[in-house]
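Residues per chain are reported as follows:
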Amino acid sequence: MKDRHLFFALEKSYGPKLLVIGGMHGNEHSGPEAMQRVATQLRQNPEKFHGSVYFILGNLKALERNERFVDVDLNRIWRDDLIRDASDAKQYDFKELAEIHELIENICQGQYKDCILLDLHTFSADSGLFCIPAENPSSEKLARSFGVPYIEKLARSLPETALNYYGEKGMTSVVFEGGKHNTAEATDNLERAIWITLEQTGIIRAGDFPFVEQMKTHLERISRNLPHRLEMVYRHKLEDYHHYRMNEGYYNFKSVKQGEPVARQNGREVISPFGGFMLMPLYQTKGSDGFFIVQERGSRRKNKA
Ligand SMILES: [Zn+2]
């Protein structure tokens, strides 16, 4: 199978098919680097992999330019009508959308339940890795296996992502947010996420790659003091014309009080309507979400008490 987005493939006639996407956002190079590392092992030990593995590069032109996207965010346009009309679209990123979609369709052949999507990302805040499952049981099960915080009910606020698009088709789909953009730590964490997924899906056996156990222990250790099962209660959506600036000092899982001023927008203070934990505070110029507030599952704080 040849395709300019297909960075590496190991195809087997049996077993599940793991699709890993890196660089959906062009300013996030840790995903492609992590895929490169795992591909080296795949080349050396193909007999130890009991299923197919595809490493897919996301927004090629944006990666070249080291920008999040060219005209529109490639991870906010995964919708059937947009994909159908992508070849007529004036904005460049639709071309990439059409190509990646075609590649994934060729791999999965409509058998979405045999496929697993792991979409690798990083963020602009300083710390706090996490993952986001699509809203189906197999995705939530995979998300729990990493030992890092996972955010439920977030996928539904990001409807036009690949995560949601394939999750709704029944594919096991998880976004893994490995750390701050282009740091060694983020690349290491994304590599760990790929190995753990390979093991969880049965493509590799624990005994063949003993280091995977250490990777799990490492992720559990660095997430030890963080809440684990969370749900999204608020999304601060931005439109293009908004002048938006996050106040200094926020990072993932920093606790936030209801009514706390967290940013400035169009000259006005932005307050958090809920208490909970900060997620993905926007410290870069391009982005469609200012921040999210998440709460631990089972906490009652969202009822503005
Ligand atoms: Zn991203």
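Residues numbered from 1 in each chain as written. Predicted model: local features only at pLDDT ≥ 70, side-chain atom pairs only at ≥ 80, totals over all residues. Heavy atoms only, no water.

Novice: In this structure, what is going on with the overall build of the protein chain? I would like to understand it.
Specialist: A count of helices and strands for the protein chain gives eight helices and 14 strands. Its C-alpha radius of gyration of 19 Å places the protein chain within 12% of the 19 Å reference for a compact globule of 305 residues. Taking the principal axes of the C-alpha coordinates as reference, the protein chain spans close to 55 × 45 × 30 Å. Here the protein chain holds 305 residues, and the buried ones make up 56% of them. In the protein chain, of all internal contacts separated by at least 6 residues, the share reaching a separation of at least 24 is 71%. Accessible surface, the protein chain: about 13700 Å² in total, of which carbon and sulfur atoms supply 46%. (Helix = DSSP H or I, 4+ residues; strand = E, 2+ residues; numbered from the N terminus. Rg over C-alpha atoms; globule rule 2.2 N^0.38 Å. Buried < 20%, exposed > 50% of the residue type's maximum accessible area, 1.4 Å probe, protein only. Contact = heavy atoms within 4.5 Å. Areas by Shrake-Rupley, 256 points an atom, 1.4 Å probe, with all protein chains shown as cover.)

Novice: What am I meant to see in the packing of aromatic side chains here?
Specialist: By convention here, two paired aromatic rings are described through the distance between centres and the angle between planes. For the structure on display, the rule yields 15 aromatic pairs. One aromatic cluster in this structure is built from Phe-49, Trp-195, Phe-209 and Phe-211. Across the ring face of Phe-209, the terminal group of Lys-48 is positioned such that the distance to the ring centre comes to 5.8 Å. For the cation-ring pair, Lys-61 lies above Tyr-92, with the distance from its terminal atom to the ring centre recorded as 4.2 Å. (Phe/Tyr/Trp six-rings, centres within 6.5 Å; stacked < 30°, edge-to-face > 60°. Lys NZ or Arg CZ within 6 Å of the ring centre and 35° of its normal.)

Novice: Can you walk me through the sheet that holds strand 9 (residues 244-246) in this structure?
Specialist: Through backbone hydrogen bonds, the strands of a sheet pair up, either in parallel or in antiparallel fashion. Strands sit in the order 9-11-12 across an open sheet of three strands; the sheet is antiparallel. The sheet terminates laterally at strand 9 and strand 12 (268-271), the two strands that pair on one side only. On average, adjacent strands in this sheet sit at an angle of 30° to one another, irrespective of strand direction. Sheet topology note: the strand 11 (residues 261-265)/strand 12 ladder contains four bridges and is antiparallel. (Pairing = 2+ DSSP bridges. Axes fitted to C-alpha atoms, helices over the stretch in contact; angles between N-to-C directions.)

Novice: I tried to follow the coordination of the zinc ion on my own but got confused; where do I start?
Specialist: Ideal geometry at a metal centre gives angles of 109.5 degrees when four donors are arranged tetrahedrally and 90 or 180 degrees when six donors are arranged octahedrally. The coordination sphere of the zinc ion, as far as protein atoms go, consists of His-25 (ND1), Glu-28 (OE), Glu-28 (OE) and His-121 (ND1), spread over 2.0 to 2.5 Å. One can describe the site at the zinc ion as irregular: its four donor atoms subtend angles covering 55 to 145° at the metal. (Donors = N, O, S within 2.8 Å, 3.2 Å for Na, K, Ca; no water. Tetrahedral: all angles 85-135°; square planar, octahedral: opposite > 155°, others 65-115°.)

Novice: What am I meant to see in the packing of helix 7 (residues 184-200) against helix 8 (residues 211-222) here?
Specialist: Two quantities define a packed helix pair, namely the angle between the axes and the distance from one axis to the other. Here helix 7 crosses helix 8 at 125°, and the two axes come no closer than 9 Å. Our classification of the angle between helix 7 and helix 8 gives oblique. In this structure, helix 7 crosses over helix 8, and the sense of that crossing is left-handed. Residues Asn-189, Glu-191, Arg-192, Trp-195, Ile-196, Glu-199 and Gln-200 of helix 7 form the contact with helix 8, whose participating residues are Phe-211, Val-212, Glu-213, Met-215, Lys-216, His-218, Leu-219 and Ile-222. (Parallel < 35°, antiparallel > 145°, perpendicular 65-115°, else oblique. Left-handed = near helix turned anticlockwise from the far one by under 90°.)

Novice: Help me understand the domain arrangement of the protein chain in this model?
Specialist: Interfaces are often sized by the amount of accessible area the parts lose when they come together. Domain boundaries assigned for the protein chain yield domain 1 (6-222) and domain 2 (229-296). Each of domain 1 and domain 2 was reduced to a C-alpha centroid, and the two centroids are 25 Å apart. Taken together, the contact between domain 1 and domain 2 spans 24 residues of the former and 21 residues of the latter. Between domain 1 and domain 2 the total buried area reaches about 1900 Å² when both faces are included, carbon and sulfur atoms providing 56% of it. When the area that domain 1 buries against domain 2 is broken down by residue, the three leading residues are Ser-124, Ile-151 and Glu-152, summing to 23%. Linking domain 1 to domain 2 there are three salt bridges. Asp-289 is the partner of Arg-76 in a salt bridge, and the nearest nitrogen-oxygen pair spans 3.2 Å. At the surface where domain 1 touches domain 2, the tally comes to twelve residue pairs in polar contact (both at pLDDT 80 or more). Here the element with the most residues in the side of domain 1 that touches domain 2 is strand 6 (residues 150-152); it accounts for three residues. (Domains from an automatic or database assignment. Buried area = accessible area lost by both parts, 1.4 Å probe. Salt bridge = Lys/Arg side-chain N within 4 Å of Asp/Glu carboxyl O. Polar contact = N/O pair within 3.5 Å; in protein donor to acceptor, adjacent residues only side chain to side chain.)

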